[in-house]
Structure formats: C-alpha cells, structure tokens
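Chain and residue survey
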Amino acid sequence: MIIKTRTRRWTTASLSGASLAALALAGCGAPQETAASQSQTGAMTAPAGEAGEGGFGGEAGEAGGEFGIDPDAAMTDPVIYISAVEVMRAHYIAGLAALDLGDRAAAAEMFSHPISEIYVDLEPVVEARGGASIMEALNQAAVLHFQGADETQLRSAVDAVLAGLDDTLAAAPEPSGSAAAVEAGVLVDLIERAVLQYALVSENEHAWLDGYGLSGAANGRAPTALSLIAEADTEASLAFLRALALLERAYPGAEPPETLGVERSELDAALTAAVAANARLQAG
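Quick look at the structure, then. Given the structure is predicted, the values throughout are model-derived calculations rather than measurements.

**Here's the deal with the packing of aromatic side chains**
As enumerated under the stated definition, the model contains 4 aromatic pairs in all. On the numbers, 5.7 Å between centres and 10° between planes, the contact of Y92 with F111 is stacked. Here the residue Y92 occupies a position in helix α3 (residues 78-100), and F111 occupies one in helix α4 (residues 104-128), the gap between them amounting to 19 residues. You'll find Y92 and F111 in the same group, each marked buried.

**Section: the nonpolar core**
Formed by 87 residues in total, the largest nonpolar core has its most connected members in Y81, L122, I191 and F240. The element contributing the most residues to this core is α3, with 15 residues. Look past the residues within four positions of L122 in its chain and what remains in contact with it is I69, Y81, A84, V85 and M88.

**As for the packing of helix α5 (residues 135-143) against helix α6 (residues 151-169)**
Packed helix pairs are specified by the crossing angle of their axes together with the interaxial distance, meaning the distance between the axes. Between α5 and α6, whose axes approach to 9 Å, the crossing angle comes to 155°. With respect to their mutual orientation, α5 and α6 come out roughly antiparallel. By crossing handedness, the relation of α5 to α6 is classed as left-handed. Contacts between α5 and α6 involve A137, L138, Q140 and A141 from the first element and L154, A157, V158 and V161 from the second.

**Section: the pattern of salt bridges**
Pairs can form between side chains of opposite charge once their charged atoms are near each other. Tallied over the entire structure, the rule returns 8 salt bridges. The partner of R155 in a salt bridge is D100, with the nearest N and O atoms 2.5 Å apart. Taken together, the residues span a long stretch of sequence, with R155 in helix α6 and D100 in helix α3 at a distance of 55 residues. Using a relative accessible area of 56% as the deciding quantity, one classes D100 as exposed. With a shortest N-O distance of 2.9 Å, D189 and R193 are connected by a salt bridge. With D189 and R193 both in helix α7 (residues 179-200) and 4 residues apart, this pair spans about one turn of that helix. Given a relative accessible area of 1%, R193 falls into the buried group. Each of E86, R89, D166, E183 and R221 takes part in one network of salt bridges that share partners.

**Re the environment of P223**
Take P223: it is sitting in helix α8 (residues 207-232). By relative accessible area, which is 61% here, P223 ends up exposed. Note: C-alpha distance between P223 and L241 (18 residues apart in sequence) is 9.8 Å.

Calculation notes
- Residues numbered from 1 in each chain as written.
- Predicted model: local features only at pLDDT ≥ 70, side-chain atom pairs only at ≥ 80, totals over all residues.
- Heavy atoms only, no water.
- Phe/Tyr/Trp six-rings, centres within 6.5 Å; stacked < 30°, edge-to-face > 60°.
- Helix = DSSP H or I, 4+ residues; strand = E, 2+ residues; numbered from the N terminus.
- Buried < 20%, exposed > 50% of the residue type's maximum accessible area, 1.4 Å probe, protein only.
- Core = buried A, V, L, I, M, F, W, Y, C linked by side-chain atoms within 4.5 Å.
- Contact = heavy atoms within 4.5 Å.
- Axes fitted to C-alpha atoms, helices over the stretch in contact; angles between N-to-C directions.
- Parallel < 35°, antiparallel > 145°, perpendicular 65-115°, else oblique.
- Left-handed = near helix turned anticlockwise from the far one by under 90°.
- Salt bridge = Lys/Arg side-chain N within 4 Å of Asp/Glu carboxyl O.

None of this, on its own, says anything about what the molecule does.
The structure is reproduced here in structure tokens:
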C-alpha cells in the first residue's frame, strides 16, 4: 500500500485574531484570501473553501493544518520549506499522543495525512536541494496499523520518520535575511494554525488533536528559535514566549477537557502580538 497523491497548495500565513473569530463564527473550514490574512513575509494563504482531506470525518479542522505546498516557493523560501516540515512533524506528535490514548485509528490518520497533503509536493524540492527522500519511511508509518503491526513497530516507524524530518530540514534553503526572521516566520505559522484549531474545536471533534500536535511542534522548536529571536529583538521574543506558553495551557493534553482552559480572546491577542513581532523581524 503506497500513499502518494497530490492536493492543494499553500505558501505561509498570518491571520489576525479577528479573522480567526470570523472563521469560527462562519463555520468555515479555510481562511478567506483577503488582505487581512496575508503574512508579513508575503506568505501563506489558503484558497477559500479548500479544507483538508476528508479522512478524519470531513476534517474542516484541518484548515490551518495543511494545504499542500508550492514547490517553487519552497525551493527558495526557508520559512515555507521549514514550516512544511514542521506541520508534518505536528501530525506525528499528534499521532503518537493518540497512540498513547489507545486510539490506533486516529494515530493512523495522523500518520497518513502528511504524505498526501504535504510531502508529495515537498519531495522533489528536497531531492533538488540535495536531500534524501523519506517517502518509504512515511509510507511505512502510515500502513503498519492496517497490516496489524504492534505498537512497538508503529512507534519505531514513527521514530524513523521523525529522524527523516530532521534530515529533511538540513536541505532547507539558506535565508536571505536573518536566522531570527526565519524562526519567527515558522513560529508564527505554527502558532496561528494551532489557534485556528482551537477556534474550531466546538465544531470539529478532530481539531483538538490537530491543534495539540501543532502546539507541540511550535514548542519543540522554541528553545532554539527564541534564543535567536531574543538576540535580534527582545520584545519580539517575549511576544512569542507568551503565545507559546498560552498554547501549552490551551492544549494541556491530547484529549480535550470538558471546559476549555484558555479564552479564545487570550489566544487571539497573543497571536496578534506574535504576528506584529514577526512583522518587525521580517522588516529587519
């Protein structure tokens, strides 16, 4: 069983808190392409009406999770390239958490989505930049559940994927600006995706696990990213730190609590501050 299909494209994003609120109220699965949703890096938008793949009960919550990748942009823009890899990583973080909860079906979904949604378009970019394909490892992690593999085999396969994602990052384009600006662009992308998932949890039961993975990916990148950002702009690093800490509070575990622990307005405000911090760093 080989999973390899082609899907939509994204570049990089920054939604305002108001945009997130409007999306949630409208029950819309994907950001509208408006001036308000354009990134300060010239980056990501999701075409209106294009939500994620339907394997997870329709997955409107996958808006803000993945949309495919523009290979031409990823070839030269490190924010787009690295964000794509980290969104993939978020799925494996979420899938392992589902496995911890005993939900193998949800884990298998998470291990499958990065292939069709992102990697099928990223693979030629990786190879063109001198990296090695990890398609075989991705497919192995995706199909083992359906082949009756035990949990140890599943976890081992995911470990191989995570190591492959680290190798894939090594082929990222060199930044034209500062490393701090790249890290800020990646962090704001992951943060806004996690915030959007949080806005959708009342409408889509799977948005929580998506958001949990995205929060985990953002916080996993934070130690190195915040150090670089702090050297360039202390105020910006504090804005990112507050947003990341709030996400950890918002997503305390892989299972949603009966009552959400963080107000949406708090997350929207933190995202707005992170977007502004990113804008300053991109301006240089």
